[in-house]
Amino acid sequence: MDKARMWSGVEQGRLRLADFLDGLRPEDWERESLCEGWRVRDVAAHLAGNARFGVKDWLREAVRARGNFNRMVLESGKRLGAELPAEIVASLREHAASRQVPPAPGAGPDSTIMDVLTHTQDIALVFGHQAEIPPEDAVAGLGSLWKLRFPFNPRKQLAGVRMVAEDADWAVGEGPEISGPASAFLLLLTNRPAAYEQLKGQGLELARKKQAA
């Protein structure tokens with residue numbers, strides 16, 4: 001998939017999430033998401049912030065977090081999560097077509113589409129909703145994840161299993177097989193236990209043990 005198509009997927013993903021968020025009740029925004037340490041409002045605000053943040057914004061957040069990447073992401077999400085739900089939704093829509101990326105090595109449309117689609121599931125699955133995720137968009141995000149060494153390292157953590165998407169042309173690894181929708185592998189490669197409910201195969205138990213170690 002070329003970069004223009006990835007950015008289109010990012011835009012559509014943000015707009016779909018904004019539509020879903022519009023239907024939530026006030027109390028729903030306070031629920032814990034599948035992303036550890038973040039409420040629904042924090043995850044949504046993180047995505048809205050990523051769409052509008054420039055280099056100066058990220059530098060400010062890095063200084064606040066004293067250079068600690070995980071702390072920067074977590075604390076900036078919670079800080080932005082203090083915004084009103086209507087403001088978060090409006091920001092997602094206003095900046096849906098944004099091509100801003102964090103000043104990090106390898107950041108681009110593939111890492112952005114991965115972030116949007118993974119966090120969309122962090123929110124939607126809490127409410128028993130299976131988010132609409134085009135398989136080809138999920139594959140673009142998986143390509144970004146498979147190259148990562150930080151904060152996830154799926155090549156190392158899931159070594160010894162073969163992962164095959166049933167709805168897209170994507171397969172990686174060697175060993176006992178795990179199969180399922182491409183969107184579920186976004187969850188698996190980012191250590192979300194919710195992935196196991198959507199996947200199957202002889203390699204699944206081995207993957208569980210590796211990720212629990």
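Residues numbered from 1 in each chain as written. Predicted model: local features only at pLDDT ≥ 70, side-chain atom pairs only at ≥ 80, totals over all residues. Heavy atoms only, no water.

Examining the side chain of Gln 211
Logical step 1: With respect to the helices and strands, Gln 211 occurs in helix α10 (residues 204-212).
Logical step 2: A polar side-chain atom of Gln 211 sits 2.8 Å from the main-chain carbonyl oxygen of Leu 188.
Logical step 3: Only 3.0 Å separates the side chain of Gln 211 from the side chain of Asn 191, close enough to count as a polar contact.
Logical step 4: When near neighbours in sequence (up to four residues on either side) are disregarded, Gln 211 contacts Gln 157, Leu 158, Leu 188, Asn 191 and Tyr 196. (Helix = DSSP H or I, 4+ residues; strand = E, 2+ residues; numbered from the N terminus. Polar contact = N/O pair within 3.5 Å; in protein donor to acceptor, adjacent residues only side chain to side chain. Contact = heavy atoms within 4.5 Å.)

Things to note about the nonpolar core
Logical step 1: By size, the foremost hydrophobic cluster in this structure holds 56 residues, and its most contacted members are Leu 21, Met 163, Ile 178, Leu 188 and Leu 189.
Logical step 2: Contact partners of Leu 21, with chain neighbours within four places excluded, come to Trp 29, Val 40, Ala 44, Val 89, Leu 92 and Ile 123. (Core = buried A, V, L, I, M, F, W, Y, C linked by side-chain atoms within 4.5 Å. Buried < 20%, exposed > 50% of the residue type's maximum accessible area, 1.4 Å probe, protein only.)

Digging into the environment of Arg 39
Logical step 1: Within the secondary structure layout, Arg 39 lies in the loop between α1 (3-22) and α2 (40-52).
Logical step 2: On the accessibility criterion, Arg 39 (26% relative accessible area) is partly exposed.
Logical step 3: A sequence separation of 68 residues divides Arg 39 from Ala 107, and the C-alpha atoms of the two residues are 25 Å apart.
Logical step 4: Those residues in contact with Arg 39 that lie beyond four places of it in its chain are Trp 29, Glu 30, Arg 31, Glu 32, Ser 33 and Gly 81.

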